Protein chains: 2
Amino acid sequence: MFEVAELGHSIDKATYKKEVPKLREALLDAQFELAEKKPFPVILIVSGVNGAGKGETVNTLNFWMDPRSIHAHAVGEQTDEEADRPSMWKFWRRLPPRGTIGIFFGSWYSFPIRQHIEGKKDQDYLDAHLDDILRFERMLAEEGALILKFWLHLSKDALTDRLTTLESSKETKWKVTKDDWKGLEKLDQLVPVAEHVLRRTSTAHAPWIVVEASDEKYRNLTVGKTLLKAIQGRLKETAKTPPLAVPVDSLESIDGKNILGSLDLTQALDKSDYKKKLAKQQGRLSKLMRSPKFKKRSIVMVFEGNDAAGKGGAIRRVTGAMDSRTYDIIPIAAPTDEEKVQPYLWRFWRKLPRVAHTTIFDRSWYGRVLVERVEGFCAQADWLRAYNEINDFEEEMTRHGSIVFKFWLSISAEEQLERFNAREATGYKRFKLTEEDWRNRDKWDEYAHAVCDMVERTSTEIAPWTLVEANSKYFARIKVLKTICDRLEKEL
Amino acid sequence: MFEVAELGHSIDKATYKKEVPKLREALLDAQFELAEKKPFPVILIVSGVNGAGKGETVNTLNFWMDPRSIHAHAVGEQTDEEADRPSMWKFWRRLPPRGTIGIFFGSWYSFPIRQHIEGKKDQDYLDAHLDDILRFERMLAEEGALILKFWLHLSKDALTDRLTTLESSKETKWKVTKDDWKGLEKLDQLVPVAEHVLRRTSTAHAPWIVVEASDEKYRNLTVGKTLLKAIQGRLKETAKTPPLAVPVDSLESIDGKNILGSLDLTQALDKSDYKKKLAKQQGRLSKLMRSPKFKKRSIVMVFEGNDAAGKGGAIRRVTGAMDSRTYDIIPIAAPTDEEKVQPYLWRFWRKLPRVAHTTIFDRSWYGRVLVERVEGFCAQADWLRAYNEINDFEEEMTRHGSIVFKFWLSISAEEQLERFNAREATGYKRFKLTEEDWRNRDKWDEYAHAVCDMVERTSTEIAPWTLVEANSKYFARIKVLKTICDRLEKEL
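Attention in this report is confined to the structure presented alongside it. The shown structure was predicted, so the numbers you read here are calculated from the model rather than taken from an experiment.

### Some remarks on the overall build of chain A
Piece 1. Across its full length, chain A holds 20 helices and ten strands.
Piece 2. Oriented by its inertia axes, the alpha-carbon framework of chain A measures out at about 85 × 50 × 40 Å.
Piece 3. Working note: accessible area of chain A is about 22,600 Å², and carbon and sulfur atoms make up 52% of it.
Piece 4. With 80 positive and 76 negative side-chain charges, chain A shows a separation of 5 Å between the mean positions of the two kinds.

### Brief notes about the relation of the copies chain B and chain A
Piece 1. With an RMSD of 0.0 Å, the fit of chain B onto chain A corresponds to turning through 180 degrees and sliding 0.0 Å along the axis. Each copy turns onto its partner about a two-fold axis.
Piece 2. In this assembly the copies share their binding face: 100% of the residues contributing to the interface of chain B also contribute to that of chain A.

### Looking at the interface of chain B and chain A
Piece 1. Each side of the interface is counted separately: chain B has 51 residues, and chain A has 51 residues.
Piece 2. Considering only the surface of chain B that becomes buried against chain A, Arg68(B), Arg316(B) and Arg430(B) emerge as the three largest contributors, covering 16% of it.
Piece 3. At the boundary of chain B with chain A, the tally comes to six salt bridges.
Piece 4. One salt bridge in this structure joins Arg68(A) and Asp362(B), with 2.4 Å as the shortest N-O distance.
Piece 5. When residues of the side of chain B that touches chain A are traced back to their parent elements, those giving at least two are helix 1 (13-37), helix 2 (54-64), strand 2 (70-73), helix 3 (80-83), helix 12 (311-319), strand 7 (327-331) and helix 13 (337-340) of chain B.
Piece 6. No other element matches helix 1 of chain B, which puts seven residues into the side of chain B that touches chain A.
Piece 7. The residue makeup of the side of chain B that touches chain A, split by class, is 16 nonpolar, nine polar and 26 charged.

### Some details on empty space enclosed by the protein
Residue and element names in this part refer to chain B.
Piece 1. The final tally for this structure, using the stated rule, is three cavities of 30 Å³ or more.
Piece 2. Its boundaries defined by the atoms lining it, the largest cavity holds a volume of some 80 Å³.
Piece 3. What lines the largest cavity is simply Pro41, Ile43, Leu95, Pro96, Arg98, Leu140, Glu143, Gly144, Ala145, Val341, Gln342 and Pro343.
Piece 4. Looking at the lining of the largest cavity, its residues break down into eight nonpolar, two polar and two charged.

### Description of the side chain of Glu304(B)
Residues and elements named next belong to chain B.
Piece 1. Within the secondary structure layout, glutamate 304 lies in strand 6 (residues 298-305).
Piece 2. Buried and unpaired, glutamate 304 has no salt bridge, with arginine 363 as the nearest side chain of opposite charge at 4.1 Å.
Piece 3. Polar side-chain contacts of glutamate 304 include one of 2.7 Å to the side chain of serine 364.
Piece 4. The residues touching glutamate 304, leaving out its near neighbours within four places in the chain, are Lys311, Arg363, Ser364, Tyr366, Gly367, Leu370, Phe407, Trp408, Leu409 and Trp465.

### Re the packing of aromatic side chains
Residue and element names in this part refer to chain A.
Piece 1. With the rule as written, the count across this model stands at 42 aromatic pairs over all chains.
Piece 2. For the ring pair tryptophan 151 and tryptophan 208, a centre distance of 6.0 Å and an interplane angle of 75 degrees mean the geometry is edge-to-face. Within this pair, whereas tryptophan 151 is found in strand 4 (residues 146-153), its partner tryptophan 208 is found in strand 5 (residues 208-212), the two being separated by 57 residues in sequence.
Piece 3. By relative accessible area, tryptophan 151 is classed as buried at 5%.
Piece 4. Accessibility expressed as a relative area gives 9% for tryptophan 208, which makes it buried.

### A closer look at the nonpolar core
Piece 1. Grouped together as the largest cluster of nonpolar side chains are 115 residues, with contacts concentrated most on Trp108(A) and Trp365(A).
Piece 2. Among the elements that make up this core, the one with the highest residue count is helix 10 (residues 216-236) of chain A (eight residues).

### Remarks on the sheet that holds strand 10 (residues 465-469) of chain B
Residue and element names in this part refer to chain B.
Piece 1. Pairing is parallel across the open sheet formed by five strands, whose spatial order is 7-8-6-9-10. Two strands in the sheet have a free side with no partner beyond their single neighbour: strand 7 and strand 10. Across the sheet, the mean angle separating the axes of adjacent strands is 20 degrees when strand polarity is ignored.
Piece 2. The pairing of strand 6 with strand 8 (residues 358-362) spans five bridges and is classified as parallel. Looking at strand 8, one finds that valine 300 is bridged to threonine 359.
Piece 3. Against the sheet, helix 16 (residues 380-400) touches strand 6 and strand 9 (402-410), its axis set at about 135 degrees to strand 9.
Piece 4. Taken strand by strand, helix 19 (residues 444-458) contacts strand 9 and strand 10, and its axis lies near 145 degrees from that of strand 10.

Cut-offs applied
Within any chain, residue numbers begin from 1 and follow the written order of that chain's sequence. All chains are assigned letters beginning at A, and all ligands numbers beginning at 1, according to the order in which they are written. Local features in this predicted model are restricted to residues whose pLDDT is 70 or higher, and side-chain atom pairs enter the listing and the counts only when it is 80 or higher, whereas totals over whole chains, interfaces and linings include all residues. Heavy atoms throughout the structure, all of them, feed into the side-chain values; hydrogens and water do not. Secondary structure elements follow DSSP: runs of H or I of four or more residues count as helices, runs of E of two or more count as strands, with numbering from the N terminus. Each accessible area value is a Shrake-Rupley result obtained with a 1.4 Å probe; residue values ignore everything except the protein chains displayed when judging cover. Asp and Glu are treated as the negative residues and Lys and Arg as the positive ones, with His and the ends of the chain left uncounted. Here the site of a charge means atom NZ of a Lys, CZ of an Arg, CG of an Asp or CD of a Glu. C-alpha atoms of residues with pLDDT of at least 70 in both copies form the basis for the least-squares superposition of the copies. Contacts are assigned to residue pairs with any non-hydrogen atoms lying within 4.5 Å of each other. Throughout, the accessible surface (probe 1.4 Å) given up by two parts as they are put together, summed over both, is called the buried area. Any Lys or Arg side-chain nitrogen located within 4 Å of an Asp or Glu carboxyl oxygen qualifies as a salt bridge. Charged residues are taken to be Asp, Glu, Lys and Arg, nonpolar residues to be Ala, Val, Leu, Ile, Met, Phe, Trp, Tyr, Cys and Pro, and polar residues to be all remaining types, Gly included. In this analysis, the protein atoms alone were mapped onto a 1 Å grid. Cavities are point sets where a 1.4 Å probe fits without being able to get out; pockets are open sets with protein on both sides within 12 Å along at least five of seven lines; lining residues have an atom within 4 Å of a point. Grid points are joined across faces, edges and corners, and a volume is the space filled by probe spheres set on the points. For the exposure calls, accessible area comes from a 1.4 Å probe over protein chains only, and a residue counts as buried if that area is under 20% of its type's maximum, exposed if over 50%, partly exposed in between. Here a polar contact means two N or O atoms within 3.5 Å. Within protein one must be a hydrogen donor candidate and the other an acceptor candidate, and residues neighboring in sequence count only if both atoms are side-chain atoms. Ring geometry is summarised as follows: Phe, Tyr and Trp rings, the Trp one being its six-membered ring, pair when their centres sit within 6.5 Å, and such pairs are stacked at plane angles under 30 degrees, edge-to-face over 60 and tilted between the two. In this description, a nonpolar core means a group of buried Ala, Val, Leu, Ile, Met, Phe, Trp, Tyr and Cys residues linked to one another through side-chain atoms lying within 4.5 Å. What makes two strands pair is DSSP finding at least two bridges between them. Note on geometry: axes are C-alpha line fits, over the in-contact stretch for helices, and angles between N-to-C directions span 0 to 180 degrees.

In structure tokens, the structure reads:
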């Protein structure tokens, strides 16, 4: 596939001089519209042979365009804050907000390619990694990102020429580094791997564009024009037609049986029993949290449940056994405006715990397949794809060593009504009921249906759902604590 | 001053049992109102003798209150991302947004106290550090923060008793660490230093509260009640009366002379001269940026100027000589909602560069004393105090090794009118003039006055303003580049 990039493409000086002003003008106009309307982010990956002028190409783009809404990232060595979190965290934190352009030098491709070339990992490992990347990029694209991936290519001869020429002049000598010469030696190893990677990961929504890089003018102009066309094209697109999806009703169980219905909500605990068990389980948890093994792990907990099911109370019994310095509770409400211009998972990625820490989400990314689905806040296609995206997300956490807990606190409609009434009677402002609580209640069956789908599709071996019978608060709290302790005992 | 905390304060079990439910109720109500109205953030510092139960106290608060809007921070060892930035960065990034409570264990006091006790630094160093802290806390308070600083105290005997008792039981043995026993040994050293620190830094807006910690119940109840009173009191306060300040008109120069008027705006460069000089200065800059010494420094640049003065063009000529991977340009527009619930400097702190990197601010924290002053977006007292706060901010950067550049690009009113007219004529959307541009123009004299005050009060030896005559764009760009290169040559 690189043959087309070894044809000796070049642009003469006069043409370049004529073309560049027009291109700049058009790029600036497109960029202005992008920044003003903020319809999507642009993600550029600039990869390729060392010495092919990746840095120069991006510097040129920056000079042609308005550099204030372009951010270039050289993601090289991990910082310790990055090493403490799942490997994709360092890219998530750098994703460009809508309306801006993010350029990645060291991208999510660098690591698997390097591992493979250095012989540390085999082809299967590489391919598994590429599958992950494909899913990640598809998610970005579905969230609206315009993704372009440039591979700057040079044949061995052309690269040798280029490095020699650069080194021969005082002015440009510094541009050639040891890595460039090393890259030349490894070119024969790199090319077949790169071919494989590019072929497997070039998709309609995130294509690779191979650019011959021996002639700077040709290289710059090709990258610039490609970028321009892509932005212009996307700006012109009207609202996208959502991809076809299975009509939702077909998912409903035809015999009316479902997993929520199978719960025995009459299970209860009396107070004295509760107090004894609470002390015991909190003692266990407190000890487990001090395990030296936890220093290399982290914990992510998700609490979901019916309104008034007692999530807050359960959370407090869990944190009651923990050191306040080691956990954070993140209540999920409306996204901030910085979160709104990012993929929906972004706000959760940014809160992931470091090792030896715990993040507890009071409501979570499951809002996508619960409230957003039921209330129609997102398209059907969007919440349908969310199941897989969420499973991928949780798999990344687990792979990194996080222990993921997910609790659904379930109460009956009658119990909820009683609690609502009790809350109205107390008069405490902080327990006040909102219109929304009553509205959600009216959609009880729809929510129940969404919950069943959610459990079916996202209860995985690595991150199972625990359904908690919560008509009795005491019973629920002990079940939550015990579930956590049992699992931690196995894992730590 | 610690005598009052060695009286053997204690609360009996019955009283505690009676008091706690009432206190919790009231704390929850206050916290609910705080979270809902978001009038201010609460900053708690929990310091004191090791082994006095700092962790337990905060765990208790977390259990009594709603832990979802409380975040506790153990700021211990710096991460590498923190070490790469001014020392206060690690606290700024953890400041609680309005409506929430932030608890700091390792606070801005820990480091200077430790340095002094370990004999690495003398009293003068400590006092200089305390002055910085006083200014920092005053700024936080003026920005609306409720600041409470608890010092948990134990006499040597009481601490010995406590540690021995804890160690004697299987259940609590783990709570005693080697550090606690070491703390006991060093108590005689700590106490006089702590006294000195507390006396110097206990202010009306950020008081120290010394709490005897030998009895857990007394300790918890005292901390809880103090916190409650402080939040309740502040919630009841009506809009604060701004502190007295010198009426602004008295600052005006009486003979009409000012520093902007002294600029010779006729200075110009012709195109061929410009091209030569541009190549030369960009070459210099490019070389300087590759200096090995820069690996331990960072650069912060501020570009301010009249509308249409050519900030963007000047910035592009600077970045044209830099590697896109090493700089970020931050255009300052309206703050995001995450920024709005923080002190006004927060949005700039979060963008400070790591070492070997550059951040370029296109407009900056000087908005406080320019547009916010002129348009009345903040009170007079607020922009008046900003001069000092800004000087402190820049001093912290400089101390850390950042090199701070500040450019004011100055054009004449006639030149601006010409440029506005030219922009209207081009028809490029991206050059469109807004109502605001014309409105600012109407206030030309007020802005000029604000600029002169700004230069007078914030042009310091470590972070001087460079006034750039910008009627000629060519002249301005070269002056900017040359200023940068000259200074970098000295510093690197």
